[in-house]
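Observations on the three-dimensional arrangement
If you want the building blocks of each chain, they are given just below.
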Amino acid sequence: MLRVDHSNLVRGAVIAGFLVVVLFVLPTFLGTDWITTLTSVAIYSIVAAGFGILYGRVGMISLGQIALMSIGVWIGTRFAYATSWPFPVLLLVTGAITCVIGVLVGLPALRLSGLYLALITLMFAGATTIALAAIDFPNGGGGFKGRTSGFDISGSVSVRRPSGAETDTAYYRYVVVVAVIVFLLALLHVAGKSGRAWAAIRASEPAALAAGVNITLYKLWAFALASFMTGVAGCLLAAQIGVPRPIQFQNSDSLILAATAMIGGIFSLWGAVLAGVFAQFLPFLLSSGQLWGWVVNVNILNVIFGIGLLQVLLTAPGGIAQQFPKDMANLGRLLARQVRKLGGARGSTT
């Protein structure tokens, strides 16, 4: 007789219900600004998931994910102008090229770890910012080169969106579907042989090596997967903002991404979703006056993220995605005990 795992059924039902609400319920009640912000949340969730693969699964701290996303924006923009490829092909090509670049950046990871790897990837992010400024990013024009100097948006054509997803609401749904597919790709890797190898490397590289794990291969594999995911996110972002228009990616954005990913939870894809909410939705909520009419300086978030990161490092390494269900379960048990005590006290008095 087959046994039904009710926990998996409940989890699947919750995920399905969440997707139905996100795809079909929210867009009917929200305005354009909200839809645009939620699109950014989905895009940055993909980038945060890539960071979670590197740090949460393998133990490699990379602070260059935002730089890789900016490269993905540039590649997606250039191919969108120079070709007439369907948008899914643009996503795959952008992800593949960014994947190669990420592997090249990840080569130092073969001998470096911890703070040293973080510094190398942070320097890569700084170099990317300088390089994009030198080529006049995003440099709207046609073809692969575009304009060579100056930035004039007059007469420029925006990066095309997928066929049938030209409106903000339709493109929001498209991005969410792509994010789900990318998350499934990450889950397949984590649940397979690569995931077991990454777990062994994170626990102990010497032990993993003794067990026959090819550390070089699987570290580069992690960088390749995270870079591919980040490149796809960059292409999605290019179509969302419709480059050309001046956009900047700061090194501090990489630090904020790392902090929010760790606060959300680097061992769970739900944590990546929370990271997207923290990095994109909270600034919009505080700066737009949508929170009971309050307009708050978004720099306050940096202080909040710092406190939250300290709290996670000290007490909750799994982040909110792991700690919150545990806290709710503990609260439920506490309330149940209190109810039983009250019931016992009333029974004894009667």
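Note that the structure is predicted; figures quoted are calculated from it, not measured.

**Regarding the overall build of the chain**
A count of helical and extended segments in the chain gives 13 helices and zero strands. Counting from the amino terminus, helix and strand elements in the chain follow one another as α-α-α-α-α-α-α-α-α-α-α-α-α. Counting across all 350 residues of the chain, residues that qualify as buried make up 43%. Partitioning the contacts of the chain with sequence separation of at least 6, the portion at a separation of at least 24 is 78%.

**Observations concerning the packing of aromatic side chains**
To describe a pair of aromatic rings, one takes the distance between the centres and the angle between the planes. Tallied over the full model, the rule gives ten aromatic pairs. For the ring pair Phe 18 and Trp 270, a centre distance of 5.2 Å and an interplane angle of 75 degrees mean the geometry is edge-to-face. One end of the pair, Phe 18, is in helix H1 (residues 6-29); the other, Trp 270, is in helix H11 (residues 269-287), and 252 residues separate them in sequence. A residue is classified by how much of its surface remains accessible, and Phe 18, at 35% relative accessible area, is partly exposed. The ring of Tyr 171 carries the charged tip of Arg 161 above its face, separated from the ring centre by 4.7 Å.

**Some words on the confidence of the model for the chain**
On average, the chain scores 82 in pLDDT, and the residues at 70 or more come to 85%. Ranking the elements of the chain by mean pLDDT puts helix H13 (residues 319-349) last, at 77, and helix H6 (residues 168-191) first, at 93.

**Description of helix H5 (residues 114-134)**
When the terminal C-alpha atoms of H5 are compared, their 31 Å separation across 21 residues agrees well with the 30 Å that a helix rising 1.5 Å per residue should span. All of the buried residues along H5 are Leu 117, Ala 118, Thr 121, Phe 124, Ala 125, Gly 126, Thr 128 and Leu 132. Where H5 is buried, its residues touch helix H3 (65-82), helix H4 (87-106), helix H9 (215-241) and helix H10 (251-264).

**Describing the packing of helix H2 (residues 32-58) against H11**
Axis separation between H2 and H11 bottoms out at 7 Å; the angle between their running directions is 140 degrees. If you check the angle between H2 and H11, you find them oblique. Where H2 crosses over H11, the two elements pack in a sense that is right-handed. Where H2 abuts H11, its residues Asp 33, Trp 34, Thr 37, Leu 38, Ser 40, Val 41, Tyr 44, Ser 45, Ala 48 and Ala 49 lie against Leu 269, Ala 272, Val 273, Ala 275, Gly 276, Val 277, Gln 280, Phe 281, Phe 284 and Leu 285. Looking at the contact of H2 with H11, its residues break down into 14 nonpolar, five polar and one charged.

**Re the pattern of salt bridges**
In this structure the tally under the stated criterion is two salt bridges. The residue Arg 161 makes a salt bridge to Asp 168 at a minimum N-O spacing of 3.0 Å. A residue is classified by how much of its surface remains accessible, and Asp 168, at 31% relative accessible area, is partly exposed. Across the pair Glu 205 and Lys 219 runs a salt bridge whose closest N-O atoms are separated by 2.8 Å. On the criterion of sequence distance, the pair formed by Glu 205 in helix H8 (residues 205-210) and Lys 219 in helix H9 is long-range, its members being 14 residues apart. The buried category is assigned to Lys 219, whose relative accessible area is 4%.

**A short note on a positive patch on the surface**
Taken together, the side chains of Arg 333, Arg 337, Arg 340 and Lys 341 present a region of like positive charge at the surface. Residue Arg 340 is classed as exposed on the basis of its relative accessible area, which comes to 56%.

**Quick word on the side chain of Ser 70**
Positionally, Ser 70 belongs in helix H3. Taking relative accessible area as the criterion, Ser 70 reaches 2% and is therefore assigned buried. Of note is the side chain of Ser 70, whose polar atom sits 2.5 Å from the backbone oxygen of Ala 67.

**Section: the nonpolar core**
In this structure, Ile 46, Phe 87 and Leu 236 are the most contacted members of the largest nonpolar core, which totals 79 residues. Excluding residues that lie within four positions of it along the chain, Ile 46 makes contacts with Ala 179, Val 182, Phe 183, Met 229, Ala 233 and Leu 236. One finds Ile 263, Leu 286, Phe 305 and Val 312 within the second-largest nonpolar core, a separate group that totals six residues.

**Focus: a nonpolar patch on the surface**
Residues Ile 320, Phe 324, Met 328, Leu 331, Leu 334 and Leu 335 make up a contiguous nonpolar surface patch of roughly 530 Å² in combined accessible area. Tracing the chain through its elements places Leu 335 in helix H13.

**As for H3**
With 18 residues, H3 should reach 26 Å at 1.5 Å per residue; the first-to-last C-alpha distance of 26 Å fits that figure. In terms of residue burial, H3 counts as a mostly covered element, since 16 of its 18 residues are buried.

**Some remarks on the packing of H2 against helix H7 (residues 193-203)**
The relative placement of two packed helices comes down to the angle between their axes together with the axis-to-axis distance. As a packed pair, H2 and H7 sit with axes 7 Å apart at the nearest point and diverge in direction by 60 degrees. Here H7 runs oblique to H2, going by the angle between their axes. Touching Ile 53, Tyr 55, Gly 56, Arg 57 and Val 58 of H2 are Trp 198, Ala 199, Ile 201 and Arg 202, all from H7. Here the contact of H2 with H7 is built from residues that sort into six nonpolar, one polar and two charged.

Each value, and the rule that gives it
Every chain begins its residue count from 1, and numbering advances along the sequence as written. In keeping with the model being predicted, local features are shown solely for residues with a pLDDT of at least 70 and side-chain atom pairs are shown and tallied solely at 80 or more, while totals for entire chains, interfaces and linings include all residues. Calculated side-chain values reflect all of the structure's heavy atoms, with hydrogen atoms and water omitted. In this description a helix means any DSSP run of H or I spanning at least four residues, a strand means any run of E spanning at least two, and both kinds are numbered starting from the N terminus. Type-normalised accessible area, obtained with a 1.4 Å probe on protein chains alone, sets the label of each residue: buried when under 20%, exposed when over 50%, and partly exposed for intermediate values. The contact definition used throughout considers only heavy atoms, calling two residues in contact when any of these lie within 4.5 Å. Centres within 6.5 Å are what make two rings of Phe, Tyr or Trp a pair, Trp counting through its six-membered ring; a difference in plane orientation under 30 degrees is then read as stacked, over 60 as edge-to-face, and the rest as tilted. Definition used: whenever NZ (Lys) or CZ (Arg) falls within 6 Å of the ring centre and also within 35 degrees of the ring normal, the charge is taken to sit over that ring. Along the chain, pLDDT gives the predictor's confidence residue by residue, from 0 to 100. The span you would expect from a helix comes to 1.5 Å times its residue count less one. Only the stretch in contact is used when fitting a helix axis, every axis being a line fitted to C-alpha atoms; angles between N-to-C directions are given from 0 to 180 degrees. Note on angle classes: values under 35 degrees are labelled roughly parallel, values over 145 roughly antiparallel, values of 65 to 115 roughly perpendicular, and the remainder oblique. Left-handed describes a crossing in which the near helix is turned anticlockwise from the far one by less than a right angle; the clockwise case is right-handed. Only Asp, Glu, Lys and Arg are considered charged, only Ala, Val, Leu, Ile, Met, Phe, Trp, Tyr, Cys and Pro nonpolar, and every remaining residue, Gly among them, polar. Only one rule defines a salt bridge in this text: a Lys or Arg side-chain nitrogen within 4 Å of an Asp or Glu carboxyl oxygen. Like charges are joined within 9 Å and nonpolar side chains (Val, Leu, Ile, Met, Phe, Trp, Tyr) within 5 Å, but only among residues with over 30% relative accessible area and no salt bridge; these make up the patches. With residues, only the protein chains shown are counted as cover, and all accessible areas are computed by Shrake-Rupley using a 1.4 Å probe. The convention is simple: Lys and Arg are positive, Asp and Glu are negative, and His and the chain ends are not counted. Note that the charge is assigned to NZ on lysines, CZ on arginines, CG on aspartates and CD on glutamates. In the analysis that follows, any N or O atom pair within 3.5 Å is treated as a polar contact, provided that within protein one partner can donate a hydrogen and the other can accept it, and provided that, for residues neighboring in sequence, both atoms belong to side chains. Definition of nonpolar core: a set of buried residues of the types Ala, Val, Leu, Ile, Met, Phe, Trp, Tyr and Cys, connected through side-chain atoms within 4.5 Å.

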